[in-house]
Amino acid sequence: MFSIKKSEMITKTFRLPAETLKKLEELAQKNNISLNNLIIQCCEYALENLEPGAEDTDICNESDAENQTG
């Protein structure tokens with residue numbers, strides 16, 4: 001059966017270097033997605049592809065487990 005899933009979103013403010021923001025905005029526009037959506041995808045990719053032995057990898061794994069059960 002189809003069910004609608006809603007992710008909890010929290011508003012945060014981050015400072016980005018001007019050049020990084022410019023590149024992200026251009027990339028989002030070229031791919032017809034929102035800047036917010038692009039940032040989420042980038043962060044998720046980075047968390048899923050951390051180098052082995054990176055600090056606090058257990059935090060990322062715990063977050064994945066919570067998402068699968070929630």
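The rules behind the values
Residues numbered from 1 in each chain as written. Predicted model: local features only at pLDDT ≥ 70, side-chain atom pairs only at ≥ 80, totals over all residues. Heavy atoms only, no water. Helix = DSSP H or I, 4+ residues; strand = E, 2+ residues; numbered from the N terminus. Buried < 20%, exposed > 50% of the residue type's maximum accessible area, 1.4 Å probe, protein only. Areas by Shrake-Rupley, 256 points an atom, 1.4 Å probe, with all protein chains shown as cover. pLDDT = per-residue confidence, 0-100. Contact = heavy atoms within 4.5 Å.

**Student:** What should I look at first to understand the overall build of the chain in this one?
**Tutor:** When helices and strands are counted, the chain shows 3 helices and 0 strands. Reading the helices (α) and strands (β) of the chain from amino to carboxyl end gives α-α-α. Sorting the 70 residues of the chain into buried and exposed places 6% on the buried side. As displayed, the chain has an accessible area near 7,100 Å², and 51% of this comes from carbon and sulfur atoms.

**Student:** Even after reading the chapter, I still don't get unusual backbone geometry, so can you show me in this structure?
**Tutor:** Excluding glycine, residues mostly carry a negative phi; peptide bonds, for their part, are mostly trans. With phi around 55°, asparagine 32 is a residue other than glycine that occupies positive phi space. Tracing the backbone through its elements, the reader meets asparagine 32 in the loop between α1 (18-30) and α2 (35-48).

**Student:** Is there a simple way to think about the confidence of the model for the chain in this case?
**Tutor:** Atom-level detail of predicted coordinates should not be read off regions where pLDDT is low. When pLDDT is averaged along the chain, the result is 85; 77% of the residues meet or exceed 70. In the model of the chain, helix α3 (residues 57-69) stands out as the element of lowest mean pLDDT, 56, in contrast to α1, which has the highest, 98.

**Student:** Please clarify how the environment of isoleucine 33 should be interpreted in this entry.
**Tutor:** The residue isoleucine 33 is located in the loop between α1 and α2 in this model. The exposure class of isoleucine 33 is partly exposed, given its relative accessible area of 31%. Discounting residues that sit within four places of it in the chain, isoleucine 33 has contacts with Ala28, Leu38 and Gln41.

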